[in-house]
Amino acid sequence: QVQLVESGGGLVQAGGSLRLSCAASGLTFSNYAIGWFRQAPGKEREFVAAISGTGGTTYYADSVKGRFTIARDNAKNTVYLQMNSLKPEDTTVYYCAAKLGMIATIGRSRYDYWGQGTQVTVSS
């Protein structure tokens, strides 16, 4: 079955960096667009970034544009989210998701599979 496993979360000071990874199995990876979302307690899951199956198209939420970079390595079935200049408001659980079809989208309802999430905590 399809599995998505996030890793790389942790505690970092404001202004620091983290790189999240999303390792996928059980699917033909390049046929799937991948998105990163985040969800704080009591809030809706929000879009962070997405990348097309080929990696040629990316989208970012305005709140992370210029600070976060999404990339993928189809040979390793892995997508990365490089997060720089982290802010305390970036603190939350981050999830990766896979959408069948190579075109990326920001709509969370379009994604078919989800990982369990990884916690990111940014201290001030």
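These numbers come from a predicted model, not from an experiment.

Peer 1: Can you tell me about the pairing of strand β7 (residues 68-73), naming the residues and giving the values?
Peer 2: Because side chains alternate across β7, one face comprises the buried residues F68, I70 and R72, and the other comprises T69, A71 and D73, none of which is buried. Of the strand pairs in this sheet, β7 and strand β8 (residues 78-83) are connected by 6 bridges, and their pairing is antiparallel. Bridge assignment links F68 to a residue of β8, and that residue is M83. Where β7 folds back on β8, the antiparallel hairpin that results is connected by 4 residues, among which N77 adopts a positive phi of roughly 55°.

Peer 1: Before we move on, can you summarise the pattern of salt bridges with the specific residues and values?
Peer 2: Per the stated rule, a full pass over the model turns up 5 salt bridges. Two residues, R38 and E46, come together in a salt bridge whose shortest N-O distance is 2.6 Å. E46 sits in the partly exposed class, given a relative accessible area of 37%. Put simply, R38 and D90 hold a salt bridge, and the shortest N to O gap is 3.0 Å. Of this pair, R38 sits in strand β4 (residues 32-39) while D90 sits in the loop between β8 and β9 (92-100), and the two are 52 residues apart along the sequence.

Peer 1: Can you lay out the side chain of T78 for me, pointing to particular residues and giving the numbers?
Peer 2: Here T78 shows up in strand β8. Residue class for T78 comes out buried when judged on its relative accessible area of 9%. Side-chain polar atoms of T78 contact the backbone oxygen of K76, separated by 2.8 Å. The contacts of T78, once residues within four sequence positions are left out, are S21, C22, A23, F29, A71, R72 and D73.

Peer 1: An account of the state of the cysteines is requested, with residue identities and associated values reported.
Peer 2: Scanning the entire structure with this criterion turns up 1 disulfide. Sulfur-sulfur distance for the disulfide between C22 and C96 comes to 2.1 Å. Judged by the sign of its S-S torsion, about 65°, the bond between C22 and C96 is right-handed. One end of the pair, C22, is in strand β3 (residues 18-25); the other, C96, is in strand β9, and 74 residues separate them in sequence. Residues C22 and C96 agree in their burial class; the two are buried.

What counts as what
- Residues numbered from 1 in each chain as written.
- Predicted model: local features only at pLDDT ≥ 70, side-chain atom pairs only at ≥ 80, totals over all residues.
- Heavy atoms only, no water.
- Buried < 20%, exposed > 50% of the residue type's maximum accessible area, 1.4 Å probe, protein only.
- Helix = DSSP H or I, 4+ residues; strand = E, 2+ residues; numbered from the N terminus.
- Pairing = 2+ DSSP bridges.
- Salt bridge = Lys/Arg side-chain N within 4 Å of Asp/Glu carboxyl O.
- Polar contact = N/O pair within 3.5 Å; in protein donor to acceptor, adjacent residues only side chain to side chain.
- Contact = heavy atoms within 4.5 Å.
- Disulfide = S-S within 2.5 Å.

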